[in-house]
Amino acid sequence: MKRITEINEKGNSEQSIEDSELYLNKIYEPNLRKLLSKCYQCVRCSGVCQLSKVQSFIPSVIIQRILEGSEDKVISSGVLWDCLTCNSCLQNCPEDINFADIVRNAKYKMKNYYKQNPEEFVAHKGIYTTISEILSEPYIQPNKNLDWVPKECKISDKGDILYFVGCIPYFKFEFQEVDPIPISSLKILCQIENRPIVVLKDEVCCGHDLYWGLGNFEAFIKLAKKNYELFEKSGVSTIITSCAEGYRTFKVEYPKLFEDFDKKFEVKHIIEYIYEKLKQGKIELKAPDEGDINIQFTYHDPCRLSRFLPKSNNLLEKLREIFNLLEGLGYSFKEMTHNKENALCCGVSSWMNCNTRSKALRYSRLLEAKEAGTTLVTSCPKCIMHLSCLQKDYDDVFSIEIKDFSEFMVNLIYVIDSKNNGEVKS
Amino acid sequence: MTKAVSKVEKEDFEPYILVFCCNWCSYAGADLAGVSRFQYPPNVRIIRVMCSGRVDPAFVLKALKNRADGVLISGCHIGDCHYISGNEYTRDRFERLYNIIIKQLGVNEKRVKLEWVSASEGKRFAEVITEFTNEIKELGPLRK
Ligand code: SF4
Ligand code: SF4
Ligand code: SF4
Ligand code: FES
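Definitions and cut-offs
- Residues numbered from 1 in each chain as written.
- Chains lettered and ligands numbered in written order.
- Predicted model: local features only at pLDDT ≥ 70, side-chain atom pairs only at ≥ 80, totals over all residues.
- Heavy atoms only, no water.
- Helix = DSSP H or I, 4+ residues; strand = E, 2+ residues; numbered from the N terminus.
- Expected span 1.5 Å × (residues − 1).
- Buried < 20%, exposed > 50% of the residue type's maximum accessible area, 1.4 Å probe, protein only.
- Arc of directions from axis to C-beta.
- Contact = heavy atoms within 4.5 Å.
- Pairing = 2+ DSSP bridges.
- Near = heavy atom within 4 Å.
- Nonpolar A, V, L, I, M, F, W, Y, C, P; charged D, E, K, R; others polar.
- Phe/Tyr/Trp six-rings, centres within 6.5 Å; stacked < 30°, edge-to-face > 60°.
- Lys NZ or Arg CZ within 6 Å of the ring centre and 35° of its normal.
- Axes fitted to C-alpha atoms, helices over the stretch in contact; angles between N-to-C directions.
- Core = buried A, V, L, I, M, F, W, Y, C linked by side-chain atoms within 4.5 Å.
- Patch = residues over 30% accessible without salt bridge, like charges linked within 9 Å, V, L, I, M, F, W, Y side chains within 5 Å.
- Areas by Shrake-Rupley, 256 points an atom, 1.4 Å probe, with all protein chains shown as cover.
- Salt bridge = Lys/Arg side-chain N within 4 Å of Asp/Glu carboxyl O.
- pLDDT = per-residue confidence, 0-100.
- Lys, Arg positive; Asp, Glu negative; His and termini not counted.
- Polar contact = N/O pair within 3.5 Å; in protein donor to acceptor, adjacent residues only side chain to side chain.

Where do I start with helix α18 (residues 356–372) of chain A in this structure?
It helps to recall that an α-helix has 3.6 residues per turn; residues three or four apart then point in one direction. All names here are of chain A. Compared with the 24 Å implied by 1.5 Å per residue over 17 residues, the 25 Å span of α18 between its first and last C-alpha is a close match. Among all positions in α18, only S358, L361, R362, R365, L366, E368, A369 and A372 are buried. On an axial view of α18, the arc spanned by its buried residues comes to 155°, and they lie on one face. In this structure, α18 carries T356 and E371 as exposed residues pointing more than 90 degrees from its buried face. Residues of α18 that are buried make contact with β7 (296–300), β9 (375–378), α19 (381–391) and β10 (401–404).

Right, dumping it as structure tokens:
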């Protein structure tokens with residue numbers, strides 16, 4: 001409390017520096033040892049580490065070295081840039097040690113105090129992370145193209161339900177695979193809501209990649225503030241997104257920065273939204289047509305929706321319930337060998353480290369998918385991009401059809417006429 | 001005298017402009033402009049690349065992020081590229097950069113430009129630079 005009065009007395013520029021420090025303290029913990037102190041070296045993390053399957057990387061040894069006081073060496077070696085931040089280790093740690101989060105904090109140190117340049121680890125020469133960084137600047141006001149909005153959908157810049165599109169309009173630069181995601185999601189929302197949905201022309205990136213990948217917390221905070229203001233300005237109370245990373249960032253990280261974020265805005269993934277509408281009897285699922293009967297589909301759980309959500313969040317259970325209903329109608333759904341919290345990584349997290357090792361990870365994921373079905377459904381635009389990128393190189397996994405959840409669901413949803421009072425129409 | 005002062009005030013803003021020149025045409029064109037003593041504004045910093053095709057769109061974005069007010073990419077005329085088709089790739093890539101990224105970022109489209117300048121066009125090089133610098137001056141700094 002004392003701090004706030006202090007800030008008020010200071011000049012404008014100093015105030016903003018203090019202000020950003022205030023925010024930084026909420027998401028940055030410089031004392032790594034404090035975060036690791038409970039580790040008792042059971043080495044489970046190293047056993048499950050996904051990265052360790054393709055290169056030598058032993059989290060428990062890294063932890064031990066930090067605890068023994070060689071933090072400086074570990075950090076200056078730059079080895080932590082390699083971690084996928086996939087959270088498989090946390091999932092299995094008896095002491096709940098969040099290694100990925102420690103890596104995140106360490107990245108901030110490596111970048112700012114050890115002057116290491118993360119650019120060399122960023123895929124696509126950093127074009128997408130640079131876009132996020134540019135978007136964070138106060139003098140930039142994006143002007144997103146809204147031509148993709150389907151004709152039958154009404155959008156507006158004020159209202160109570162916002163569809164957060166995310167960075168897909170920029171991914172279009174190299175990826176066409178992700179085009180259908182916003183189109184299908186918005187179609188679903190418009191069909192069900194039957195009123196204009198808020199889609200913002202000046203929407204900015206959620207900042208996920210700067211937060212987890214590059215250790216650029218300053219830009220992340222700037223983006224978060226921009227988003228907060230935009231959401232407030234448009235008067236929305238519900239934010240719906242089809243992006244795994246955006247969802248998690250809004251749900252878990254933004255409330256750390258802004259205490260009232262979750263009171264003001266309810267963040268929902270489109271999975272949750274569809275689930276609720278099914279439960280409320282507002283929508284029904286369609287039985288398959290003749291042609292669809294043989295479609296075997298499987299689901300790739302994005303890490304941000306499985307291992308990265310608080311245990312109380314049962315998003316993936318809800319998803320499985322939707323799939324159960326689909327199965328009841330005659331579609332066939334099959335889990336991959338590794339699913340839910342144990343799902344394998346898509347290989348490239350936050351645009352970091354796209355290399356032969358990540359290729360091996362992606363390849364094993366697609367082999368599992370091939371075993372389970374002909375269509376792979378997932379809910380993360382990045383997973384779609386990285387996995388379909390590999391398909392271009394390997395013929396044996398080329399046949400798998402990779403689809404986003406909304407894209408998959410858009411034609412399977414049937415809106416029940418409100419005049420019918422929710423009665424099932426045959 | 002007073003006239004000169006007001007002119008200085010008007011053009012107070014000195015933009016940072018980054019220019020990528022391919023080694024075989026545009027850089028030689030820049031050289032020729034120098035040798036022939038054609039004047040052009042000193043706001044530009046030239047980076048020589050072997051071919052305009054070497055310029056990754058990420059370079060342009062990074063320049064904009066790191067204080068550049070304008071970025072110019074310059075290569076051989078279509079058909080003249082030392083590597084046969086390097087500049088055709090540049091042209092296609094640039095179009096996408098322009099339409100998909102620059103426009104949607106809300107950065108004024110005039111700040112990023114593609115121009116073909118051959119080794120014999122020293123005069124044109126100076127003109128292109130002068131024109132571009134004036135355009136950027138008109139727009140003012142990117143960082144407000
Ligand atoms: S699993 Fe947890 S307790 Fe065990 S070694 Fe790894 S971090 Fe330490
Ligand atoms: S986050 Fe993933 S890659 Fe990093 S140490 Fe844990 S299991 Fe290994
Ligand atoms: S896997 Fe493909 S799409 Fe993903 S970062 Fe690497 S090259 Fe890009
Ligand atoms: S060498 Fe000049 S554009 Fe390719």
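What's the story with the pairing of β7 of chain A in this structure? I'm lost.
Moving residue by residue along a regular strand, the side chains alternate between the two faces of the sheet. Residues and elements named next belong to chain A. Taken across its five residues, β7 has four buried, putting it largely inside the fold. Two strands pair when backbone bridges link them, and β7 and strand β8 (residues 332–333) are joined in this way by two bridges, in the parallel orientation. Looking at β8, one finds that Q296 is bridged to S332. Judged from the four bridges that link them, β7 and β9 form a sheet pairing that is parallel.

I would appreciate a short explanation of the site of ligand 3 in the present structure.
Residues and elements named next belong to chain A. By nearness alone, every residue bordering ligand 3 is listed as A123, H124, F175, V348, W351, C354, R362, M385, H386 and C389. Sorting elements by how many residues they give to the shell around ligand 3 places α19 first, with three residues. Each residue belonging to the shell around ligand 3 can be placed in one class, and the counts come to seven nonpolar, two polar and one charged.

Can you walk me through the packing of aromatic side chains in this structure?
Scanning the entire structure with this criterion turns up 40 aromatic pairs over all chains. Residues W212 of chain A and F308 of chain A carry aromatic rings whose centres are separated by 5.2 Å and whose planes lie at 85° to one another, so their mutual orientation is edge-to-face. In this pair, W212 of chain A sits in helix α12 (residues 208–214) while F308 of chain A sits in the loop between β7 and α17 (315–329), placing the two residues 96 residues apart along the sequence. Under the relative-accessibility criterion, F308 of chain A is labelled buried at 4%. On the numbers, 5.6 Å between centres and 25° between planes, the contact of F94 of chain B with Y98 of chain B is stacked. Taken together, the residues F94 of chain B and Y98 of chain B, both in helix α4 (residues 86–105) and four residues apart, mark about one turn of the helix. For F94 of chain B, a relative accessible area of 10% gives the class buried. For Y98 of chain B, a relative accessible area of 24% puts it in the partly exposed group. Over the ring of F308 of chain A we find R304 of chain A, and its NZ or CZ is 4.1 Å from the ring centre. Over the aromatic face of Y27 of chain B sits the side chain of R48 of chain B, whose NZ or CZ is 4.7 Å from the ring centroid.

Explain the sheet that holds β7 of chain A here, please?
Pairing between the strands of a sheet comes from backbone hydrogen bonds, and it takes one of two forms, parallel or antiparallel. Residue and element names in this part refer to chain A. Taken together, four strands build an open sheet; the order of strands is β8-β7-β9-β10 and the sheet is parallel. In the strand order of this sheet, the two ends are held by β8 and β10, each with one partner. Of the strand pairs in this sheet, β9 and β10 are connected by four bridges, and their pairing is parallel. Directly across from T378, in β10, lies its bridge partner D404. Most of the contacts of α17 go to β7, to which it runs at about 180°, and overall it touches β7 and β8. Lying over the sheet, α19 contacts β7, β9 and β10, oriented at roughly 170° with respect to β10.

Explain the nonpolar core to me, please; I cannot follow it from the model alone.
The tendency in soluble globular proteins is for nonpolar side chains to be buried side by side. One finds F261, I274, F405 and M409 of chain A to be the most contacted residues of the largest nonpolar core, which totals 163 residues. The greatest single-element share of this core, amounting to nine residues, is contributed by helix α13 (residues 217–234) of chain A. Not counting the four nearest positions on each side in its chain, F405 of chain A is found in contact with I270, I271, I274, L319, I322, F323, V377, T378 and S379 of chain A. Ranked by size, the runner-up nonpolar core spans 13 residues in total, among them V19, A30, F125 and V128 of chain B.

Would you mind showing me how to read the site of ligand 1 here?
For ligand 1, the full set of nearby residues is C39, Y40, Q41, C42, V43, R44, C45, S60, I63, C93, P94 and I97 of chain A. Listing elements by their share of the shell around ligand 1, those giving two or more residues are α4 (44–48) and α5 (59–67) of chain A.

Explain unusual backbone geometry to me, please; I cannot follow it from the model alone.
Negative phi characterises most residues that are not glycine, and trans characterises most peptide bonds. All names here are of chain A. Positive phi values are uncommon outside glycine, yet N87 reaches one of about 70°. Phi is positive for N353, close to 55°, though the residue is something other than glycine. Topologically, N353 is positioned in the loop between β8 and α18. The class of N353 is buried, set by a relative accessible area of 10%.

What exactly am I supposed to notice about a nonpolar patch on the surface here?
Taken together, the side chains of W24, M50 and Y83 of chain B present a nonpolar region at the surface, about 310 Å² in accessible area. Given a relative accessible area of 37%, W24 of chain B falls into the partly exposed group.

What should I look at first to understand the environment of E341 of chain A in this one?
Residues and elements named next belong to chain A. Structurally, E341 is set in the loop between β8 and α18. In the structure, E341 is positioned 38 residues away from C303 in sequence and 7.7 Å away in space, judged by C-alpha atoms. Leaving out residues up to four positions away in the same chain, E341 has contacts with Q91, S306 and R307.

Would you explain the confidence of the model for chain B in this entry?
Residues and elements named next belong to chain B. Mean pLDDT over chain B: 91, with 92% of residues reaching 70 or higher. Segment residues 1–10 is flagged for pLDDT under 50; beyond a separation of four residues in sequence, or across chains, it makes zero contacts in the model. For this predicted complex, the interface confidence comes out at an ipTM of 0.89, alongside a pTM of 0.90.

I keep staring at the side chain of D82 of chain A and nothing clicks. Help me out?
All names here are of chain A. Note on placement: D82 falls in the loop between α6 (71–77) and α7 (88–92). Here D82 sits buried without a salt bridge, and the closest side chain of opposite charge, R357, lies 4.5 Å off (N-O distance). Here the side chain of D82 touches Q55 through a polar contact of 2.9 Å, side chain to side chain. Not counting the four nearest positions on each side in its chain, D82 is found in contact with L51, Q55, F57 and N353.

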